[in-house]
Amino acid sequence: MVALLEGVSFLILLLVAMPLKYLAHLPMAVRIVGMIHGMLFLAFLAALLHAATTHEWSRQRAFLALVAALVPFGTFVLDRALRREIAELQAA
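A quick note: this is a predicted structure, and the numbers were derived from the prediction, not measured. (Residues numbered from 1 in each chain as written. Predicted model: local features only at pLDDT ≥ 70, side-chain atom pairs only at ≥ 80, totals over all residues. Heavy atoms only, no water.)

K.L.:
Help me get a handle on the nonpolar core, residues and values and all.
P.N.:
Ranked by size, the top nonpolar core spans twelve residues in total: Ala3, Phe41, Phe44, Leu48, Ala51, Ala52, Trp57, Ala62, Ala65, Ala68, Ala69 and Leu78. Among the elements of the structure, helix H2 (28–54) and helix H3 (59–70) are those that each provide at least two residues to this core. With five residues, H2 is the largest single contributor of residues to this core. Beyond its immediate chain neighbours, meaning those up to four positions away, Leu48 contacts Trp57, Ala62, Ala65 and Leu66. In this structure, Leu13, Ala17, Ala29 and Val30 belong to the second largest nonpolar core, which totals five residues. (Core = buried A, V, L, I, M, F, W, Y, C linked by side-chain atoms within 4.5 Å. Buried < 20%, exposed > 50% of the residue type's maximum accessible area, 1.4 Å probe, protein only. Helix = DSSP H or I, 4+ residues; strand = E, 2+ residues; numbered from the N terminus. Contact = heavy atoms within 4.5 Å.)

Shown next as structure tokens:
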């Protein structure tokens, strides 16, 4: 859930707040959305650390999950992959 919220906030920052700042000269949009995105990013990092330690993820896997948060739409791809993995484990 945190990954999805972080991903949505990242897209809002890039696709709404940044254009408002540079095209409409409303820098407050980036301040507000940026602060919300920053808090959600920190929550994502905490959730990632928890998942990586609880499920004994390799460093490579944890790193790739971190990279997903830095790429637009990355957390959506990560969420889909993790849901698929969970479904496969439950089916087995």
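K.L.:
Lay out the side chain of Thr75 in plain terms, naming residues and giving numbers.
P.N.:
The residue Thr75 is located in helix H4 (residues 74–91) in this model. For Thr75, a relative accessible area of 1% gives the class buried. Setting aside residues no more than four positions away along its own chain, Thr75 makes contact with Ala3, Glu6, Gly7, Phe44, Ala68 and Ala69.

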